Amino acid sequence: MAQISLKNVSKLYKGGVKAVDDVNLGIENKEFLVMVGPSGCGKSTTLRMIAGLEEVSEGRIWIGDQIVNDVPAKDRNIAMVFQNYALYPHMSVFENMAFGLKLRKYPTHEIENRVHEAAEILGIKRYLERKPKQLSGGERQRVALGRAIVRKPLAFLFDEPLSNLDAKLRVQMRAEIHKLRLRLQTTFIYVTHDQTEAMTLGDRIAVMKDGKMQQCADPITVYDNPANKFVASFIGTPPINLMDGRIIKKERKYYFDEGKFQVKLVEEMYPTIAPYEGEEVTFGIRSEDIHNKLFVSDAPPENVIKATCEVVEPLGSEVYLHLNSGRNTFIARVGAHDRPEVNRDMDLVFDMSKVHFFDKETEKTIL
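Small disclaimer: the values here were computed from a predicted structure and weren't measured. (Residues numbered from 1 in each chain as written. Predicted model: local features only at pLDDT ≥ 70, side-chain atom pairs only at ≥ 80, totals over all residues. Heavy atoms only, no water.)

*Asks:* Before we go on, may I ask you to explain the overall build of the protein chain in this structure?
*Replies:* A tally of regular secondary structure across the protein chain gives nine helices and 20 strands. In terms of overall dimensions, the protein chain has a C-alpha envelope of 80 × 45 × 35 Å along the principal axes. Counting the 367 residues in the protein chain, one finds 49% classified as buried. Taking the intrachain contacts of the protein chain between residues at least 6 apart in sequence as the baseline, contacts between residues at least 24 apart amount to 66%. (Helix = DSSP H or I, 4+ residues; strand = E, 2+ residues; numbered from the N terminus. Buried < 20%, exposed > 50% of the residue type's maximum accessible area, 1.4 Å probe, protein only. Contact = heavy atoms within 4.5 Å.)

*Asks:* Please clarify how the pairing of strand β17 (residues 318–324) should be interpreted in this entry.
*Replies:* Pairing of strand β16 (residues 304–314) with β17, which is carried by six bridges, proceeds in the antiparallel orientation. The residue bridging Cys309 from the neighbouring strand is Leu323, located in β17. Counting the residues between successive antiparallel strands, the hairpin from β16 to β17 contains three residues, one of them, Gly316, with a positive phi of roughly 85°. As paired elements, β17 and strand β18 (residues 329–335) share seven bridges and run antiparallel to each other. If you follow Tyr320 over to β18, its bridge partner there is Arg333. Taken together, β17 and the strand that follows it, β18, pair antiparallel across an intervening segment of four residues, in which Gly326 is found at a positive phi of about 105°. (Pairing = 2+ DSSP bridges.)

*Asks:* Explain the side chain of Asp359 here, please?
*Replies:* With respect to the helices and strands, Asp359 occurs in strand β20 (residues 356–359). Notably, Asp359 is buried but unbridged: the nearest opposite-charge side chain belongs to Lys360, and the N-O separation is 9.2 Å. Of the polar contacts made by the side chain of Asp359, one reaches the backbone nitrogen of Thr362; its length is 3.0 Å. (Lys, Arg positive; Asp, Glu negative; His and termini not counted. Salt bridge = Lys/Arg side-chain N within 4 Å of Asp/Glu carboxyl O. Polar contact = N/O pair within 3.5 Å; in protein donor to acceptor, adjacent residues only side chain to side chain.)

*Asks:* I'm lost on the environment of Asp338 in this one. Help?
*Replies:* Here Asp338 lies in the loop between β18 and β19 (344–350). What makes Asp338 buried here is its relative accessible area of 9%. A sequence separation of 326 residues divides Asp338 from Leu12, and the C-alpha atoms of the two residues are 52 Å apart. Excluding residues within four positions of it along the chain, Asp338 makes contact with Asn292, Phe295, Val319 and Leu321. A polar side-chain atom of Asp338 sits 3.1 Å from a polar atom in the side chain of Asn292.

*Asks:* For this particular structure, what's the right way to read the nonpolar core?
*Replies:* The tendency in soluble globular proteins is for nonpolar side chains to be buried as a group. Core analysis: the largest hydrophobic core is formed by 49 residues, its most contacted members being Met97, Val115, Leu145, Tyr190, Val207 and Ile235. Leaving out residues up to four positions away in the same chain, Tyr190 has contacts with Phe32, Leu33, Val34, Met35, Phe158, Pro161, Leu162, Ile177, Glu197 and Leu201. Formed by 30 residues, the second largest nonpolar core is a distinct cluster that contains Tyr254, Ile290, Phe330 and Ala332. (Core = buried A, V, L, I, M, F, W, Y, C linked by side-chain atoms within 4.5 Å.)

*Asks:* Help me understand helix α2 (residues 93–103), please; the structure alone is not making it clear to me.
*Replies:* An α-helix turns once per 3.6 residues; consequently, residues spaced three or four apart project the same way. Residues of α2 that are buried: Val93, Phe94, Asn96, Met97, Ala98, Gly100 and Leu101. Tucked into the core, α2 has its buried residues touching α3 (108–122) and α4 (137–149). Just downstream of α2, Lys105 is the residue with a positive phi angle, here 65°.

*Asks:* For this particular structure, what's the right way to read the pairing of strand β10 (residues 212–217)?
*Replies:* Within a regular strand, the side chains alternate between the two sheet faces. One ladder, built from five bridges, connects strand β9 (residues 204–209) with β10; its direction is antiparallel. Along β10, the bridge assignment pairs Met208 with Met213. Counting the residues that bridge the hairpin from β9 to β10 gives two residues, and of these Asp210 lies at a positive phi of roughly 50°.

*Asks:* Before we go on, may I ask you to explain the sheet that holds strand β14 (residues 280–285) in this structure?
*Replies:* Strand order in the open sheet formed by five strands is β13-β12-β11-β14-β20, and the pairing between neighbours is antiparallel. Edge positions in the sheet fall to β13 (262–264) and β20, since each of these pairs with one other strand and no more. Adjacent strand axes in the sheet meet at a mean angle of 40° when their direction is disregarded. Bridging between strand β11 (residues 241–250) and β14 involves six bridges; their strand directions are antiparallel. Across the sheet, the residue bridging to Leu242 is Gly284, located in β14. (Axes fitted to C-alpha atoms, helices over the stretch in contact; angles between N-to-C directions.)

Shown next as structure tokens:
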């Protein structure tokens, strides 16, 4: 079993810098957990503490039913794949993949069997006699994966393994890692700053900021029901549109007043939003929930706003419209053939069943 648990784990460096702050996290056996967040948020430090490459300042880490705070990295039976591949340049691919097994005194025939098995899985058998300098970035990454696979560890830890690859190769390697996970049926913990990788790979996403865990849930929950303003803005491309305004009540109906427009809230929101009547809040709406009124036949008039289209960005299957309400700029993601004229006013419809509100002080989600 490769259940991994972190209980109140913190990492303090000299000078009182707290890189990881009271993290609680449980990773189930055979789960693929992605830790995501901006640079410096503490995700790689957390991974390195699980691996045993960093000491835990506070709290405890379990692998299975064993507390591993004082267990050396080499005895934790987990394998780590690094951002820079960490291959030995003077060794062949075979020697790189076999190196860890040789250190652990495995028999020669078992080393050969494991290396060839991993090379077959990764499609790199024809490269076994080559040196790393003779390989492309994607091929080197496969060798790094192979070196981890041959150990047959309880869990795999990945520290931004695709960040050195170009965009096309990243897409390809994401698919390869996903297939590898399905084939190996073991626990994966994957660190990235790329929210697209997080959304496509993870059973769950753990979002971090400033050393603290912000939210941990499956990708759809994190996207549709973010815990706070940071999570909402970090997950999603393009980022969620955020606007400050006030909650007002007219004729027993609640509205969000942006300053240049007002939109009516759906009735299911009334009980939760009522305490904020007259207060400032942050309003959030994703780009795909803003529509051109020309293509919405039954648009409620109270959800229609006017805005100026300042930029049209065609992206093949869809178009990004950069819009200006007169007070805020925001982006709508529309169909490929919906291309209004630039610098012209247009009527837009907000899907008010999909909007988010955030408390101005705490930045936590209200709805």
